[in-house]
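# Secondary and tertiary structure notes
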Amino acid sequence: MCKGPVEGPFDLNGREVGLITAYLFHLGDNADPCLLKVNDGLAFKGCEIGSLGYLLTPDETEFAEFSLINDPRDSSRKLLKPYIGGSDLVEGVTRRYVLDVDGLSEQAIKSLPRVFQYLEEAVRKDFLARGEVRDDTVEWWHFRRPSLALRRSLGTLPKLLVLCRVSEAAAFTFVSGDSIANSDIICFRFSDFASYCVLQSCIHEIWARMMASTFEDRLRYTPSDSFGTFPFPANYQTHAALAATGEAYFNLRTQLSAQFGEGLTDIYNRFHDPQETHPQIVQLRGLYDAMNRAVLDAYKWFDIQARCEFLPEANDEDDDGDCRSKPCEYRYRWADEIHDLIFVKLLLLNRARAEQEAQSMAGTPTAKASTGRSRKPAKHAPVSAQAILIHEETTE
């Protein structure tokens, strides 16, 4: 340990380098990325309803009756809506529906006497028993923690892109636009396959895993750190190749899930297993490579020739410092050198985008929310490194 500037070269994983950044890379700098205004409001967590009493399944007596009731706020939609949690998402099934009474006025909910009576028994008594409401609480039927962003999105899109907040596979998928997602789900205001292609790609996963925290071996995705800072390709929603490859990959993955009778977790276990040679799994990997290529081209990073291969994942040490207790796992992914290059390019692109937004709005870039990682003051990467890394236009 020493105080003050230190001259290189340095040893980084057995390789001699002239620079080691706070991200433990030999390129780029130490600066935190900025929240990008263009991403504001496009990603958000689902709601926390607070009681299982709101939920019904199709085999319950009241389900048939309540499924016919229109939502007082919009008669084109039903009050009983699909309820999506983490297990529903990874298994690809909708088993539960929620009485979406959150935000209804007293007059509106009392215009539905059967629903009100049911909720008094199923929800109010539950809340009273757990001390969440008092006997004199008037509007007790609201969800514990509603999602205003989700409320504003309901019915505005035919489908909604979603992701489990904590997951190993980082598998994006679509649910119907009138679904109520719980707080285990991150929702995205996208219904197009070009957006799906970018977010499901290796490029975004690299960024998300570097920016987010982890839970055990799983990604903990957040709307701010993982998405709010992510620089999308310029005009990506007009790229036909993104939409075409994204749709092809999504459709085959959906087909395989139905064909094998497996959820997303099991499908991705097959996907990352070097011993799995089922022709359609092999085809799915090929479509994943095609998606990644389309996204690289959308960034104009034509010189990066990357293809996934089965590579071992580093084992984390257990509580006793013994890493031998975990078997070696493989993932179908890019090599570490490509991973590092992509991440640094995205960091520099994030800075360029933030500076453009600040200039256009006569303000200053917005630093992202702290992830708890300590960072040194921002220093520019060497000019030669930036010249090598920036291949996309920095003005649009």
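Please read all numbers here as calculations on a predicted model, not as lab measurements.

What counts as what
- Residues numbered from 1 in each chain as written.
- Predicted model: local features only at pLDDT ≥ 70, side-chain atom pairs only at ≥ 80, totals over all residues.
- Heavy atoms only, no water.
- Helix = DSSP H or I, 4+ residues; strand = E, 2+ residues; numbered from the N terminus.
- Buried < 20%, exposed > 50% of the residue type's maximum accessible area, 1.4 Å probe, protein only.
- Contact = heavy atoms within 4.5 Å.
- Areas by Shrake-Rupley, 256 points an atom, 1.4 Å probe, with all protein chains shown as cover.
- Polar contact = N/O pair within 3.5 Å; in protein donor to acceptor, adjacent residues only side chain to side chain.
- Pairing = 2+ DSSP bridges.
- Phe/Tyr/Trp six-rings, centres within 6.5 Å; stacked < 30°, edge-to-face > 60°.
- Lys NZ or Arg CZ within 6 Å of the ring centre and 35° of its normal.
- pLDDT = per-residue confidence, 0-100.
- Expected span 1.5 Å × (residues − 1).
- Bend = angle between axes of the 7 residues up to and from the residue.
- Axes fitted to C-alpha atoms, helices over the stretch in contact; angles between N-to-C directions.

For the rest of this paragraph, the subject is the overall build of the chain. Each helix and strand counted, the chain has 13 helices and 19 strands in total. Residues counted as buried form 46% of the 396 residues belonging to the chain. Taking the contacts inside the chain whose residues are at least 6 apart along the sequence as the reference set, 69% of them involve residues at least 24 apart. As displayed, the chain offers around 19,800 Å² of accessible surface, 52% of which is attributable to carbon and sulfur atoms.

Another aspect to go through is the environment of K159. If you trace the backbone, K159 turns up in strand β10 (residues 159-164). The exposure class of K159 is partly exposed, given its relative accessible area of 25%. Each C-alpha atom of the pair K159 and F190 lies 7.8 Å from the other, and the pair is 31 residues apart in sequence. Reaching out from K159, the side chain makes a polar contact with the backbone oxygen of S191 at a distance of 3.5 Å.

In this sheet, strand β7 (residues 74-78) lies alongside strand β6 (residues 70-71) in antiparallel orientation, the contact comprising two bridges. Across the sheet, residue N70 finds its bridge partner in β7, namely K78. Between β6 and β7, which follow one another and run antiparallel, lie two residues.

Let us now look at unusual backbone geometry. The phi dihedral of N235 falls on the positive side, at around 50°, and the residue is not glycine. Position of N235 relative to the elements: it lies in the loop between α8 (223-228) and α9 (240-260). With a relative accessible area of 59%, N235 lands in the exposed category. At K300, a position not held by glycine, the phi torsion is positive, near 65°. For K300, the location among the structural elements is in the loop between α11 (279-298) and β17 (309-313).

All right, on to the sheet that holds strand β5 (residues 55-56) then. Read across the open sheet, the four strands follow the order β5-β9-β8-β13; overall the sheet is mixed. The two strands at the open ends of the sheet, each matched to only one other strand, are β5 and β13 (180-181).

Time to look at the packing of aromatic side chains. For the structure shown, the criterion picks out 30 aromatic pairs. Aromatic side chains Y268 and F271 sit 5.6 Å apart centroid to centroid with 65° between the ring planes, which places their arrangement in the edge-to-face category. Of this pair, Y268 and F271 both sit in helix α10 (residues 264-271), three residues apart, which is roughly one turn of that helix. Classification of Y268 as buried rests on a relative accessible area of 5%. The structure contains a cluster of three or more aromatic residues connected by ring pairs, namely F172, F188, F190, W207, Y221, F227, F230, F232, Y236 and F343. Here the guanidinium or amino end of R270 rests over the ring plane of F260, the centre of that ring lying 4.0 Å away.

Confidence in the prediction of the chain, expressed as mean pLDDT, is 85, and 79% of residues score 70 or more. Taken together, the stretch residues 370-396 has pLDDT below 50 and engages in 51 contacts with residues farther than four places along the chain or on a different chain.

To continue, consider helix α4 (residues 113-129). Between the first and last C-alpha of α4 there are 23 Å, a value that for 17 residues agrees with the 24 Å anticipated at 1.5 Å per step. Of all the bends in α4, the greatest, near 40°, is centred on E120. Those residues of α4 that fall on the buried side of the exposure criterion are V115, F116, Y118, L119, V123 and F127. Here the buried face of α4 lies against β5, α1 (61-66), β9 (96-99) and α3 (106-110). Once α4 finishes, G131 follows within two positions and takes phi at roughly 70°, a positive value.

Attention shifts here to the sheet that holds strand β12 (residues 173-176). Strand order in the open sheet made by the four strands is β4-β14-β10-β12, with antiparallel pairing throughout. Every interior strand has two partners, whereas the edge strands, β4 (43-45) and β12, have only one. Recorded for the sheet is a direction-independent mean angle of 40° between the axes of neighbouring strands. In this sheet, strand β14 (residues 185-188) lies alongside β10 in antiparallel orientation, the contact comprising four bridges. Among the inter-strand pairings, L163 is bridged to a residue of β14, identified as I186.

For the rest of this paragraph, the subject is the side chain of N350. Here N350 is to be found in helix α12 (residues 336-360). Side-chain polar atoms of N350 contact the backbone nitrogen of C34, separated by 2.8 Å. If we ignore the near neighbours within four places in the chain, the residues touching N350 are P33, C34, L36, W207, T229 and P231.

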